Amino acid sequence: MDLGFGNTNQSVGSAAANTLLRATQAQEAAIASEISKYDALLESNDSELEKLRERRLAQMKSAQSQKAKWLEAGHGVYSDLSSGHDIAKAFFEAAKKSNRMVVHFHRPTTRQCDVFHA
């Protein structure tokens, strides 16, 4: 269909349509691949399904173990280090326990700090 803008408009429209078609075909191929994996899993014997269950159970146990380690190291606990006499030492001791640490430096004169500590 010619809109009266000449061949330039037609070539831009065709290029856009072709790009959209290729992207759609790639998505369809990826979806078809996922569906075939699930179909193969449904048609497989019970031993393959049991292996999948065992792997997932091992992953869940590992995640639970990691969560327990984090809780033991003090993750998820808000503690104020300013009450001791050697704040720097307490800070570095807390930092050594974990790879990650959230720190909030505050002053009693700052209102936003009061919101956090309430």
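Everything quoted here is computed from the prediction, not taken from an experiment.

A closer look at the overall build of the protein
Step number 1: Scanning the protein from N- to C-terminus turns up four helices and zero strands.
Step number 2: Burial status across the protein gives 3% buried among its 118 residues.
Step number 3: As presented, the protein carries roughly 10,800 Å² of accessible surface, and 58% of it is formed by carbon and sulfur atoms.

A few points about the side chain of S98
Step number 1: You can see S98 is positioned in the loop between helix 3 (87–96) and helix 4 (111–117).
Step number 2: In this structure the side chain of S98 is engaged in a polar contact, spanning 3.1 Å, whose partner is the backbone oxygen of R100.

Description of the layout of surface pockets
Step number 1: Empty space within the largest pocket amounts to approximately 750 Å³.
Step number 2: Lining the largest pocket are 24 residues, with S79, L81, M101, V102 and V103 positioned closest to its centre.
Step number 3: When contributions to the lining of the largest pocket are tallied by element, the ones reaching two or more residues are helix 3 and helix 4.
Step number 4: At three residues, the largest contribution of residues to the lining of the largest pocket is made by helix 3.
Step number 5: Of the residues in the lining of the largest pocket, the class split is twelve nonpolar, nine polar and three charged.

Some points on a nonpolar patch on the surface
Step number 1: Together, M101, V103 and F105 give the surface a local cluster of nonpolar side chains, amounting to about 310 Å² of exposed area.
Step number 2: Mapped onto the secondary structure, V103 falls in the loop between helix 3 and helix 4.
Step number 3: Of the residues examined, V103 reaches a relative accessible area of 35% and is grouped as partly exposed.

Quick word on helix 2 (residues 46–72)
Step number 1: Its 27 residues give helix 2 an end-to-end C-alpha distance of 39 Å, which sits within 8% of 39 Å, the value for a rise of 1.5 Å per residue.
Step number 2: Remark: G74 follows helix 2 within two positions and exhibits a positive phi of approximately 100 degrees.

Structural notes on the confidence of the model for the protein
Close reading of the predicted structure is inappropriate where its pLDDT is low.
Step number 1: Considering every residue of the protein, the mean pLDDT works out to 84; 89% of them sit at 70 or more.
Step number 2: Looking at the elements of the protein, mean pLDDT is at its lowest for helix 4, recorded as 73, and at its highest for helix 2, recorded as 91.

Details of the pattern of salt bridges
Side-chain pairs of opposite charge can arise whenever the charged atoms involved come near each other.
Step number 1: For the coordinates displayed, the defined rule picks out two salt bridges.
Step number 2: When the shortest N-O distance is used, the salt bridge between R53 and E50 registers 3.6 Å. One end of the pair, R53, and the other, E50, are both in helix 2, three residues apart, so they sit about a helical turn from each other.

Calculation rules
- Residues numbered from 1 in each chain as written.
- Predicted model: local features only at pLDDT ≥ 70, side-chain atom pairs only at ≥ 80, totals over all residues.
- Heavy atoms only, no water.
- Helix = DSSP H or I, 4+ residues; strand = E, 2+ residues; numbered from the N terminus.
- Buried < 20%, exposed > 50% of the residue type's maximum accessible area, 1.4 Å probe, protein only.
- Areas by Shrake-Rupley, 256 points an atom, 1.4 Å probe, with all protein chains shown as cover.
- Polar contact = N/O pair within 3.5 Å; in protein donor to acceptor, adjacent residues only side chain to side chain.
- 1 Å grid on protein atoms, 1.4 Å probe; cavity = no way out; pocket = protein on both sides within 12 Å on 5 of 7 lines; lining within 4 Å.
- Points joined across faces, edges and corners; volume = space filled by probe spheres on them.
- Nonpolar A, V, L, I, M, F, W, Y, C, P; charged D, E, K, R; others polar.
- Patch = residues over 30% accessible without salt bridge, like charges linked within 9 Å, V, L, I, M, F, W, Y side chains within 5 Å.
- Salt bridge = Lys/Arg side-chain N within 4 Å of Asp/Glu carboxyl O.
- Expected span 1.5 Å × (residues − 1).
- pLDDT = per-residue confidence, 0-100.

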